[in-house]
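Letter by letter, the chains look like this.
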Amino acid sequence: MNHQPLIAIDAMGGDEGISVMVAGVALAHSRNSNLRFLLVGDETQIKTALAKRDGLIENCEILHTDKVVSGEDRPSQALRKSRGSSMGLAINAVKSGQANAAVSAGNTGALMAMSKLALRTMKGIDRPALAALLPTMIDSDVVMLDLGANTECDARNLVQFAIMGAAYARAIYGFENPSVKLLNIGTEDLKGKDAVRDAANYLNDAKALPMDFKGFTEADKINSGDVDVVVCDGYSGNIALKAVEGAARFVTDLLKRAFTSSIRSKFGFLVSRPATELLRHHLDPNNHNGAVFLGLNGVVVKSHGSANDIGVANAIKVAARLAEDNINSRIANDIDSINAMFSNVSKQDSEPST
């Protein structure tokens, strides 16, 4: 792997566009001076933004385009104009090998459709999955997938998601055998849909995989910190994610209201401010930014559309780490072993009984 990874940035994506994306690039480079960047978007605006950042332009290339995929574009519309858009060109830079990874804060559906079309799904993977980091009660975040790419999943899909999620946790945190659980409506063996129970059986039998499968978890335990990877179908995952994000906003808004309700409560806020600031920092989505489309022949990271410079820098950090760690090689090795298990089971099922 190149010691100076090059990250392609869709500079036109996101709510604030070039100003925030370049600010995030600047912060990412201040944290890791080995990074280089390909900024895709309007050249004049990008150069204006770079001029305000001392020494950054020397580590950046610019690929000009004034075409943007909007937040309102459907995936089918985005695909039609993907070739010349800032999002499409950033993804194609990964496909051609010019860039080691791509980061975009643009339309999630469009990014997924364009990435899948350009990069294709890895050999042995049936469907790519969207994985993200969620805050927990401990220092490390929990990896959760799928978060909306696949609404219907069978046991094979869930097992592949588990493998990809475990590889992600190993790359990001350096865990040798990350703990993995399947999201379910209960922790008992008989609970849940057939696909979830069948996936658990496969994972229990796959002792050689570099993960520690621990069965089922319920939605209220996602942020407890007792598991490294939570696996589910995209329908359940997206609902759970929105519920977690809503609960975080509810808690922070409730605290804000409580601390401003009276003079006495305002005094209480001053006393407890260090603790509330720690809570606010921990729940801030910018500090956990960077969702990844796992299972593609290339690294593409999705930043929140409303991310600030800290959020963009964290998304870039995730992209660089996955590219440097060569996560796809990790996934490919583990997928080969589990698919051999699936193949053996299929052969046994098809053999006539005597």
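Everything that follows concerns the structure shown earlier in this document.
Described below are features of the structure shown in this document. Here the structure is a predicted model, which means the values were calculated and not measured.

What counts as what
Residues numbered from 1 in each chain as written. Predicted model: local features only at pLDDT ≥ 70, side-chain atom pairs only at ≥ 80, totals over all residues. Heavy atoms only, no water. Phe/Tyr/Trp six-rings, centres within 6.5 Å; stacked < 30°, edge-to-face > 60°. Core = buried A, V, L, I, M, F, W, Y, C linked by side-chain atoms within 4.5 Å. Buried < 20%, exposed > 50% of the residue type's maximum accessible area, 1.4 Å probe, protein only. Helix = DSSP H or I, 4+ residues; strand = E, 2+ residues; numbered from the N terminus. Contact = heavy atoms within 4.5 Å. Axes fitted to C-alpha atoms, helices over the stretch in contact; angles between N-to-C directions. Left-handed = near helix turned anticlockwise from the far one by under 90°. Nonpolar A, V, L, I, M, F, W, Y, C, P; charged D, E, K, R; others polar. 1 Å grid on protein atoms, 1.4 Å probe; cavity = no way out; pocket = protein on both sides within 12 Å on 5 of 7 lines; lining within 4 Å. Points joined across faces, edges and corners; volume = space filled by probe spheres on them. Patch = residues over 30% accessible without salt bridge, like charges linked within 9 Å, V, L, I, M, F, W, Y side chains within 5 Å. Areas by Shrake-Rupley, 256 points an atom, 1.4 Å probe, with all protein chains shown as cover. Salt bridge = Lys/Arg side-chain N within 4 Å of Asp/Glu carboxyl O.

So, about the packing of aromatic side chains. Applying the stated criterion across every chain yields a total of 1 aromatic pair. Their ring planes at 25° and their centres at 5.4 Å tell us that tyrosine 173 and phenylalanine 175 sit as a pair that is stacked.

Glancing now at the nonpolar core. Ile7, Phe37, Leu145, Tyr168, Leu182 and Ile316 are the most contacted members of the largest nonpolar core, which has 76 residues in total. At 13 residues, helix 6 (residues 155–173) tops the list of elements feeding residues into this core. For phenylalanine 37, the residues in contact, after removing those within four places along its chain, are Leu6, Ile7, Ile9, Val25, Ala28, His29, Asn59, Cys60, Glu61 and Ile316. Counting 38 residues, the second largest nonpolar core, distinct from the first, contains Ala102, Leu111, Met114 and Leu183.

Here the focus is the packing of helix 4 (residues 86–96) against helix 5 (residues 108–119). For the pair helix 4 and helix 5, interaxial distance at closest approach is 10 Å and the crossing angle is 35°. For the pair helix 4 and helix 5, the crossing hand works out as right-handed. Across the interface between the two elements, Met87, Gly88, Ile91, Asn92, Val94 and Lys95 from helix 4 touch Ala110, Leu111, Met114, Ser115, Ala118 and Leu119 from helix 5. Per-class residue counts for the contact of helix 4 with helix 5 are 8 nonpolar, 3 polar and 1 charged.

Time to look at empty space enclosed by the protein. Under the criterion given, the structure shown has 2 cavities of 30 Å³ or more. By volume, the largest cavity is sized at about 40 Å³. Gly14, Val20, Met21, Gly305 and Ala307 are the residues nearest the centre of the largest cavity, which is lined by 13 residues in total. In terms of residue class, the lining of the largest cavity is made up of 5 nonpolar, 6 polar and 2 charged. Quantified by volume, the second largest cavity comes out at close to 40 Å³. Around the second largest cavity sit Val292, Phe293, Leu294, Leu296, Gly298, Val299, Leu322, Ile327 and Asn328, which together line it. Listed by contribution, the elements that provide at least two residues to the lining of the second largest cavity are strand 10 (291–294) and helix 11 (327–350). Of the residues that constitute the lining of the second largest cavity, the class distribution is 7 nonpolar, 2 polar and no charged.

With that out of the way, let us pick up a nonpolar patch on the surface. Judged by side-chain polarity, Phe250, Val251 and Leu254 come together as a nonpolar surface patch covering roughly 270 Å² of accessible area. Looking at phenylalanine 250, the relative accessible area reads 53%, which means it is exposed.

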